[in-house]
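# Results of the structural survey
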Amino acid sequence: MGNSKKPTDKGFILKTRRFELRLSEQELQQLIELEKSLGISRADIVRIRVLQNATKMLVNSKELMKQLDDIGTELGRSGNNINQLARHANILHKQGMLSQSISTEFNSLLGKYIHVQQELEKSIRQVIRLMKG
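Sequence positions are assigned chain by chain, starting from 1 and proceeding in written order. In keeping with the predicted nature of the model, local features appear solely for residues at pLDDT of at least 70, side-chain atom pairs appear and are counted solely at 80 or more, and the whole-chain, interface and lining totals rest on all residues. Computation of side-chain values covers all heavy atoms of the structure but excludes hydrogens and water.

### Considerations on the overall build of the protein
The condition that has to hold: Strands are runs of DSSP state E lasting at least 2 residues, helices are runs of H or I lasting at least 4, and numbering of each runs from the N terminus. Exposure is judged per residue with a 1.4 Å probe applied to protein chains only, and the accessible area is read against the type maximum: over 50% gives exposed, under 20% gives buried, and values in between give partly exposed. Contacts are assigned to residue pairs that have any heavy atoms within 4.5 Å of one another. For the accessible areas, the method is Shrake-Rupley and the probe is 1.4 Å, while residue cover comes only from the protein chains on display.
Tallying secondary structure elements over the protein gives four helices and zero strands in all. Counting helices and strands in the order they occur from the N terminus, the protein gives α-α-α-α. Taking all 133 residues of the protein together, 8% fall into the buried category. Considering only contacts within the protein whose residues lie at least 6 apart along the sequence, 41% involve residues at least 24 apart. Carbon together with sulfur atoms contributes 55% to the accessible area of the protein, which is approximately 11,400 Å² in total.

### Re the confidence of the model for the protein
Any region with low pLDDT has predicted coordinates that should not be read closely. Stated formally: Confidence of the predictor in every single residue is expressed as pLDDT, which spans 0 to 100.
Per-residue pLDDT for the protein has a mean of 84; in total, 86% of the residues score no lower than 70. Looking across the protein, the model is least confident in helix α2 (residues 42–51), with a mean pLDDT of 83, and most confident in helix α1 (residues 25–38), with 91.

### Section: α2
As a reminder of what qualifies: This arc is built from the directions going out from the helix axis to the C-beta atoms.
Those residues of α2 that sit buried are Asp44, Ile45 and Ile48. Along the long axis of α2, the arc covered by the buried residues comes to 105°, so they all point the same way. When the buried face of α2 is taken as reference, the exposed residues oriented beyond 90 degrees from it are Val50 and Leu51. In this fold, the buried residues of α2 make contact with α1.

### Quick look at the pattern of salt bridges
To keep things clear, this is the line we draw: Any Lys or Arg side-chain nitrogen found within 4 Å of a carboxyl oxygen on Asp or Glu counts as a salt bridge.
Enumeration over the complete set of coordinates arrives at seven salt bridges. Linking arginine 42 and glutamate 35 is a salt bridge whose minimum nitrogen-to-oxygen distance equals 3.0 Å. Glutamate 35 gets classed as partly exposed once you look at its relative accessible area, which sits at 22%. Across the pair glutamate 121 and arginine 125 runs a salt bridge whose closest N-O atoms are separated by 3.8 Å. Placement of both glutamate 121 and arginine 125 in helix α4 (residues 100–132) is noted, with a separation of four residues, approximately one turn of the helix. Relative accessible area serves as the criterion here: at 44%, arginine 125 is assigned to the partly exposed category.

### Comments concerning the packing of helix α3 (residues 61–94) against α4
Condition: To get an axis, fit a line to the C-alpha atoms, keeping to the stretch in contact for a helix; angles then go from 0 to 180 degrees between the N-to-C directions. Should an angle fall under 35 degrees it is called roughly parallel, over 145 degrees roughly antiparallel, and 65 to 115 degrees roughly perpendicular, with every other angle called oblique. The sense of a crossing depends on the near helix, which, turned anticlockwise from the far helix by less than a right angle, makes the crossing left-handed and, turned clockwise, makes it right-handed. When residues are sorted by character, Ala, Val, Leu, Ile, Met, Phe, Trp, Tyr, Cys and Pro go into the nonpolar class, Asp, Glu, Lys and Arg into the charged class, and all the rest, Gly among them, into the polar class.
With their axes 12 Å apart at the nearest point, α3 and α4 run at an angle of 160° to one another. On the basis of their axis angle, the class for α3 and α4 is roughly antiparallel. Seen along the crossing, α3 lies across α4 with a hand that is left-handed. Contacts between α3 and α4 pair Leu64, Leu68, Ile71, Leu75, Ser78, Gly79, Ile82, Leu85 and Ala86 from the former with Phe106, Leu110, Tyr113, Gln117, Leu120, Ile124, Val127 and Met131 from the latter. Its residues assigned to classes, the contact of α3 with α4 shows 14 nonpolar, three polar and no charged.

### Some details on a nonpolar patch on the surface
Heads up, the condition is: For patch building, the residue pool is restricted to those with more than 30% relative accessible area and no salt bridge; the joining distance is 9 Å between like charges and 5 Å between nonpolar side chains (Val, Leu, Ile, Met, Phe, Trp, Tyr).
Among the surface-exposed residues, Phe19, Leu21 and Leu23 lie close enough to one another that they form a single nonpolar patch of about 320 Å² accessible area. With respect to the element layout, phenylalanine 19 can be found in the segment before α1. Classification of phenylalanine 19 as exposed rests on a relative accessible area of 65%.

Laid out in C-alpha cells, this is it:
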C-alpha cells in the first residue's frame, strides 16, 4: 500500500503531502505494536483508518487466526462427541434398548447444534469478507 510502486506503474499516485500527528509516548508505543502485529506501515494504518471506509476494522491477524484455530479445535471435538453418541445409540438400537424419548431428544439437540454451526460459518465468512476489504 505504500510508495513501493515506481512512477511508471499503473495506478501509482505520488504522495507529496505530509501530515503531522502528535502522540503521547504510550500512544506511539501502541501504534508501533499495531504496526508490528499487522505487518503494515504506520502511514498505511492511518490511511486505512482515516481515509478509507471508516467501517473497516484493522484486525490483529495473529490473534484472529489463534481464535479461529481454537474454534476449529472445539468444532472437531464436538463432531467427535456426536459420532461417539451416534455409535452408542446405534449399538443400543440394535440391542433393542434405545428408547424413543432419547432418540427424539438427541435429534433435537443435533438440529440445534447444526443451526449454531451454520450461524458460526456465516459469521466466519463475514469476518473473511471484512478482512479482504
